Amino acid sequence: MIFGPCSLDDAEGAVLAHRLNIGQATLKKGHVLSLSDISLLRSCGYSSLIVARPEAGDVDENKAAFAVAKVVQGAELDLRQPFTGRCNLYAKAAGLFIYDNNQLDSLNLINESVTLAALPNFAPVSSGQLVATIKIIPFFVPQHVLDSCLEINPTNTPLFHVAPFKKKTVALI
């Protein structure tokens, strides 16, 4: 990823690194700059911005977060669409949230640009509760880093799952 100042002449298609309030308009961090954005910025006196641009082999933060989330998503988990480099997993049912601590640690140690955070292992959860999030820290991640995350589990067993609570009948004799 190339990150730093950029002339407005070269900013089309770049990703805005910081939120900008321009009169009534707001350009959010992560916004891909269009020609109309650049015209607006010029009219407000801007000549350069801090932006991010992908290098060859880089993957967009949302695509990378979604790809990692798909790999770790197991039974009884709902995957939401990524936003700002984050993809969240929610419990579909009440139960116990279960995962392998060592595998979670291994994924988090691959590269500082990819982070997985989760509730404690064996935590009781309710339906609809946020249980884990995958966050890509920079705007882009190198493909080889993403590949390492996707290949961490050779058994193809998802990292996270919810074991739903089951109603049982008991009797005392």
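What comes next is a walk through the structure.

Parameters and conventions
- Residues numbered from 1 in each chain as written.
- Predicted model: local features only at pLDDT ≥ 70, side-chain atom pairs only at ≥ 80, totals over all residues.
- Heavy atoms only, no water.
- Helix = DSSP H or I, 4+ residues; strand = E, 2+ residues; numbered from the N terminus.
- Buried < 20%, exposed > 50% of the residue type's maximum accessible area, 1.4 Å probe, protein only.
- Lys, Arg positive; Asp, Glu negative; His and termini not counted.
- Salt bridge = Lys/Arg side-chain N within 4 Å of Asp/Glu carboxyl O.
- Contact = heavy atoms within 4.5 Å.
- 1 Å grid on protein atoms, 1.4 Å probe; cavity = no way out; pocket = protein on both sides within 12 Å on 5 of 7 lines; lining within 4 Å.
- Points joined across faces, edges and corners; volume = space filled by probe spheres on them.
- Nonpolar A, V, L, I, M, F, W, Y, C, P; charged D, E, K, R; others polar.
- Phe/Tyr/Trp six-rings, centres within 6.5 Å; stacked < 30°, edge-to-face > 60°.
- Lys NZ or Arg CZ within 6 Å of the ring centre and 35° of its normal.
- Pairing = 2+ DSSP bridges.
- Axes fitted to C-alpha atoms, helices over the stretch in contact; angles between N-to-C directions.

Overview of the side chain of Glu61
At step 1: Structurally, Glu61 can be placed in helix α2 (residues 61-72).
At step 2: This buried residue, Glu61, is left without a salt bridge; Lys135 holds the nearest opposite charge, at 4.4 Å.
At step 3: With residues near it in sequence (within four places) discarded, Glu61 still touches Thr84, Gly85, Lys135, Ile136, Pro138, Phe139 and Phe140.

Quick look at the layout of surface pockets
At step 1: As a volume, the largest pocket reaches approximately 270 Å³.
At step 2: Lining the largest pocket are 15 residues, with Lys29, Gly30, Glu61, Thr84 and Phe139 sitting closest to its centre.
At step 3: Looking at the lining of the largest pocket residue by residue, the class counts come to six nonpolar, four polar and five charged.

Brief notes about the packing of aromatic side chains
When we look at a pair of aromatic rings, we describe it by the centre distance and by the angle of the planes.
At step 1: Enumeration according to the criterion identifies three aromatic pairs in this entry.
At step 2: Arranged with centres 5.3 Å apart and planes meeting at 85°, the rings of Tyr99 and Phe160 form a pair that is edge-to-face. Of this pair, Tyr99 sits in the loop between β9 (95-98) and α3 (101-108) while Phe160 sits in the loop between α4 (143-150) and β14 (161-164); the two residues are 61 residues apart in sequence, bridging distant segments of the chain.
At step 3: With relative accessibility at 9%, the residue Tyr99 sits in the buried group.
At step 4: Above the ring of Tyr90, the side-chain terminus of Arg80 is found at 3.9 Å from the ring centroid.

A short note on the sheet that holds strand β12 (residues 130-136)
At step 1: Taking strand neighbours across the sheet as the criterion, the four strands line up as β7-β8-β12-β10 in an open arrangement whose pairing is antiparallel. Strand pairing shows two members of the sheet lacking a second neighbour, β7 (77-79) and β10 (114-118), which therefore form its edges. Within this sheet the neighbouring strands show an average axis-to-axis angle of 15°, counted without direction.
At step 2: Two elements, β7 and strand β8 (residues 86-91), share three bridges in a ladder whose sense is antiparallel. Residue pairing in the sheet places Asp78 in a bridge with Tyr90 of β8.
At step 3: Contacts between α2 and the sheet are confined to β7, β8, β10 and β12, with β12 contributing the most and set at about 140° to the helix.

A look at unusual backbone geometry
At step 1: In this structure, Glu76 is a non-glycine residue whose phi angle is positive, near 60°.
At step 2: Along the chain, the position of Glu76 falls in the loop between α2 and β7.
At step 3: One non-glycine residue, Thr84, adopts positive backbone phi at about 45°.
At step 4: Relative to the helices and strands, Thr84 is located in the loop between β7 and β8.

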